[in-house]
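Per-entry structural report
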Amino acid sequence: MEGHRAWIELNLEHLRHNVAVLQALLPPGCRLMPVVKANAYGHGAIPIARALSSLGIQSFCVATAEEGADLRRHHIPGDILILGFTPPEELSLVRRYDLIQTVVDRDYAGQLNRLGTPIRVHVAIDTGMHRLGERWENLENICAIFSMEHLRVEGMFTHLCADDRDNPQDRAFTAAQAKAFDLVVQQLRDRGICSPKIHLLGSYGLLNYPFLGGDYARVGMALYGILSTAEDTRRWGAQLRPVLSLHARLSTVRTLHPGEHAGYGLDFTARREMQVAALTIGYADGLPRALSSGVGSVLIHGKRAPILGRICMDQTLVDITGIPEARAGDTAVILGTSGGETISACDIAGQAGTIANEILSRLGPRLDRLPVPSKTPCLALAR
Ligand SMILES: *Cc1c(COP(=O)(O)O)cnc(C)c1O
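These numbers come from a predicted model, not from an experiment. (Residues numbered from 1 in each chain as written. Predicted model: local features only at pLDDT ≥ 70, side-chain atom pairs only at ≥ 80, totals over all residues. Heavy atoms only, no water.)

Moving on to the packing of aromatic side chains. One pass over the full model with this rule turns up 4 aromatic pairs. Note on Tyr 41 and Tyr 224: the rings are 5.0 Å apart at their centroids and 35° apart in plane angle, and the pair reads as tilted. Highlighted residues: Tyr 41 in helix α2 (residues 37-41) and Tyr 224 in the loop between β10 (216-217) and α10 (230-236), separated in sequence by 183 residues. The buried category is assigned to Tyr 41, whose relative accessible area is 10%. Exposure remark for Tyr 224: the relative accessible area of 1% places this residue in the buried category. Arranged with centres 6.1 Å apart and planes meeting at 90°, the rings of Tyr 204 and Trp 236 form a pair that is edge-to-face. Linking Tyr 204 in helix α9 (residues 203-208) with Trp 236 in helix α10, this pair joins segments that are 32 residues apart in sequence. Exposure class is identical for Tyr 204 and Trp 236. Each is buried. (Phe/Tyr/Trp six-rings, centres within 6.5 Å; stacked < 30°, edge-to-face > 60°. Helix = DSSP H or I, 4+ residues; strand = E, 2+ residues; numbered from the N terminus. Buried < 20%, exposed > 50% of the residue type's maximum accessible area, 1.4 Å probe, protein only.)

Next up, the structure:
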């Protein structure tokens, strides 16, 4: 199966496997609420949400109202929670598409309430990240949110921000976050306010602190089969399988003579006769420009071809001197496996000085997203 220019292949069998692995880790009574924000971390929100729906998933998280609306326009059923701030002008989308808005603090709750029509919400509690949420110490404000006439409070959550490292300081901080959240739950209960659903675990939370419980786990990265770094993936994600691979074509193959340059600028000079190929993918597609000049490589016929010169917006040059069988029209694996070699999103992240989350979520809209034919009947239908 091949796309036209540059494309993503989605292995939905691996997605099904990851769902099963993560469901086995869930604490009692907890369900997966997959995070499909940022186009499902670059994978393609619609094919991923469709596949998850067919696997029985009934609730999703997105970052923006528009992302939620797009799922609905593609007939994704179930609960859709917007984790981020929705500007007041866009709140009509929340109601029109039956989405659930996060309450980012008491003032915002007041704005939602003043719209004068019922709106479904989850209340965010700030337990130390200081990004979104009413401060856990402000119980009066939290109670005020719960008592607002037009808010249908269906849940309450917090976000752990130091759950990925296994050291005493981060462990203590995470424990304090969980304790503060629990205190809010208890105090509301003491006042006769019962929050329908609570949640605090993301991928790292589920892997490292499953005992913290909750009604949902808001899992993103782990569902896509990798964690933020190669070390974490080896350590905690060994049973997970990457869902995404990234491919492009060799558009031209040519010989460079000693002393000739290649690409923008005169950075690269051939020291000997060599073979060079142009690939149909560039930094506008999400291939980090930091991989230029041999920092990164791609796989062609199971062999590594180092990136040569500066990555361009739409194209990339690679050194194929060691791959004499390479021809124009062949496929290059940018991210994934070819023969016995693999390049993971974590490898690219390491070379680019970032985390795999950024590499995946920046994969661009020009890439086709192609579900690989699946043997599981419900997934085959989901396509
Ligand atoms: C993005 C996000 C998640 C998912 O995080 P992963 O590490 O990808 O599992 C969970 N909760 C919130 C609030 C988020 O913004």
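With that settled, the discussion passes to unusual backbone geometry. Positive phi values are uncommon outside glycine, yet Ala 38 reaches one of about 50°. By the element assignment, Ala 38 lies in helix α2. Although it is not a glycine, Tyr 41 sits at a positive phi angle of roughly 50°.

Our focus in this paragraph is the pairing of strand β12 (residues 274-279). Extensive coverage of β12 is indicated by the burial of 5 of its 6 residues. For strand β11 (residues 244-256) and β12, the ladder comprises 6 bridges, and the chain directions are antiparallel. Bridge assignment links Val 253 to a residue of β12, and that residue is Ala 277. Bridge count between β12 and strand β15 (residues 316-319): 4 bridges; the pairing is antiparallel. Within β15, the position partnered with Val 276 by the bridge is Asp 319. (Pairing = 2+ DSSP bridges.)

Keep in mind these values describe shape, not function.
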